[in-house]
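# Analysis of the macromolecular model
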Amino acid sequence: MEHYDTALAYPVQSPGVLGNQPDIVMDSLAVHGLGLVHPKKVFNFYNELHAYLASCGVDGVKVDVQNIIETLGTGHGGRVSLTRSYHQALEASIARNFTDNGCIACMCHNTDGIYSAKQTAVVRASDDFYPRDPASHTIHISSVAYNTLFLGEFMQPDWDMFHSLHPAAEYHAAARAVGGCAIYVSDKPGNHNFDLLKKLVLPDGSILRAQLPGRPTRDCLFADPARDGTSLLKIWNLNKCSGVVGIFNCQGAGWCKIEKTTRIHDASPGTLSGSVTANDVDLFNQVAGADWDGETIVYAFRSGEVIRLPKRASVPVTLQVLEYELFHFSPIKEIAPSISFAPIGLLDMFNTGGAVEHVEIHKLASENKAAEIFDGEVVSELTTYLSSGRSATATIGLRVRGSGRFGVYSSQRPLKCVVSDTETDFNYDSDNGLMSFSIPVPKEGMQTWSIEIQV
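Residues numbered from 1 in each chain as written. Predicted model: local features only at pLDDT ≥ 70, side-chain atom pairs only at ≥ 80, totals over all residues. Heavy atoms only, no water.

### A short note on the packing of aromatic side chains
A full pass over the atoms with the stated rule returns 10 aromatic pairs. Between Tyr-4 and Phe-45 the ring centres are 5.4 Å apart and the planes differ by 90 degrees, which places this aromatic pair in the edge-to-face class. Residue Tyr-4 is located in the segment before strand S1 (7-9), and its partner Phe-45 is located in helix H3 (residues 42-55); the two are separated by 41 residues in the primary sequence. Note on Phe-45: relative accessible area 25%, which makes it partly exposed. Taking 5.0 Å as the distance between ring centres and 75 degrees as the angle between the ring planes, the aromatic pair formed by Phe-284 and Trp-292 counts as edge-to-face. For the pair formed by Phe-284 and Trp-292, the shared burial category is buried. Through a chain of ring-to-ring contacts, the aromatic side chains of Tyr-171, Phe-248, Phe-301, Tyr-324 and Phe-350 assemble into a single cluster. For Arg-302, the ring lying beneath its charged end belongs to Tyr-324, and the centroid distance is 5.1 Å. (Phe/Tyr/Trp six-rings, centres within 6.5 Å; stacked < 30°, edge-to-face > 60°. Helix = DSSP H or I, 4+ residues; strand = E, 2+ residues; numbered from the N terminus. Buried < 20%, exposed > 50% of the residue type's maximum accessible area, 1.4 Å probe, protein only. Lys NZ or Arg CZ within 6 Å of the ring centre and 35° of its normal.)

### Brief notes about the confidence of the model for the protein
Mean pLDDT over the protein works out to 92, with 94% of the residues at or above the 70 mark. Contacts for the low-pLDDT stretch residues 366-388, under 50 throughout, to residues beyond four places or in other chains number 47 contacts. (pLDDT = per-residue confidence, 0-100. Contact = heavy atoms within 4.5 Å.)

### Some words on the pairing of strand S22 (residues 416-419)
The sheet contact formed by S22 and strand S26 (residues 449-454) spans 4 bridges and is antiparallel. Its bridge partner lying in S26, Val-418 is registered against Glu-452. Across 2 bridges, the pairing between S22 and strand S23 (residues 422-423) is antiparallel. Along S23, the bridge assignment pairs Val-419 with Thr-422. Linking two consecutive strands that pair antiparallel, namely S22 and S23, is a turn of 2 residues; a positive phi of about 50 degrees is found at Ser-420 within it. (Pairing = 2+ DSSP bridges.)

### Remarks on the sheet that holds strand S5 (residues 122-124)
Pairing is parallel in the open sheet, where 4 strands are placed in the order S3-S4-S5-S6. Looking at which strands have only one partner, the edges of the open sheet turn out to be strand S3 (61-63) and strand S6 (156-158). Between one strand and the next, the sheet's axes are offset by a mean angle of 30 degrees, whatever the strand orientation. Examined bridge by bridge, strand S4 (residues 103-105) and S5 share 2 bridges and lie parallel to one another. Each bridged residue has a counterpart across the sheet, and for Ile-104 the counterpart in S5 is Val-122. (Axes fitted to C-alpha atoms, helices over the stretch in contact; angles between N-to-C directions.)

### Brief notes about the pairing of strand S25 (residues 434-439)
Within S25, 5 of the 6 residues are buried, which leaves the element mostly enclosed by the surrounding structure. Note: strand S21 (residues 404-410) against S25, 6 bridges, orientation antiparallel. Residue pairing in the sheet places Val-408 in a bridge with Met-435 of S25. Where strand S24 (residues 427-429) folds back onto S25 in an antiparallel hairpin, the turn is made up of 4 residues, including Gly-433, whose phi is positive at roughly 80 degrees.

Dropping the structure here:
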């Protein structure tokens, strides 16, 4: 290590940090010290390490315990100067060795660390996933949602890994699906819940990632859904053509200022009730369009319910602790006085609506052939009279990712469904307007399906 000009340094913590969370590791380092690379040599250190990792096929790194730098500034111009030097060197090395900016910043919520990060795009927004600590799971979800209010404005919050084979696995998976984050697990090899993972990951290995960092809904901003005994946590996000709200019962555990740890303060938190509405999706008008009249189709992932929701109406929900529900909101398009339509998505995926990439509607008018277009190009006109004798009023074109059970809402039974030039059988439930059909696994290299539905 001599060529890095390393020296032993002894952390000095602030009284505020010591009063909130004393740490036995930091106590040990304060006595025994730790090796600190000189800030003028730290780029060489990072670059040589990262170049070696990249040569081994590694495509990114997680840089942990970044906040310790703020305790080591003595003799190096103080914490601000030292932190800035380290971040500049780190980001220069990442840019040289990992072309996709492959860096997850972790334990970096100290002010200087955040302000010094100019290129780092991903930041851990939570405490760790602790598989053996029952007190940690509810507060984990709550903490990320509220931290994202700040961090999500300039970085992509990261929710940490989790275990797919775990009592709280589905709870964590649902939160990550609505969080707009990367999804990764730290399962022991051979210990996997593939049924759960298939609700998160498509056959090609990609995920249906929501468009934004998941944030608390407005009515949750000044509530405490971990400790007040009455509030459910709601997290909203957008997909390209729909909105999603995840609702979680996070009550019963939180940080204890006396014991300096997360602990269960209510061993039997009660069942809680609340409601959810399209207005909970803060930017819903961006996907609904200027002509939207306020009506939505709501798909509840766990229950499988499909509900036509009038403007400003809400859906009730009741959850026990460590329970969740995901509500997917799709704006209804009026095609004709008796026909309305809304895409839903892949019904067995946590982020159902994330499968819908694009929607366009082409009305078939016999006199003027006028076309009404949503989100882009006109679909070629299909004028077909089927055996029922009813002529098609419109063709809806969809561009869809993934495979499995796909659903749309139609106020009357559709006439025809074509998946990539192949006519496909479908089921139609007249009670709730759900049309569902199966999308096969795409061929290798194929990214999206083209779907046409005649109504």
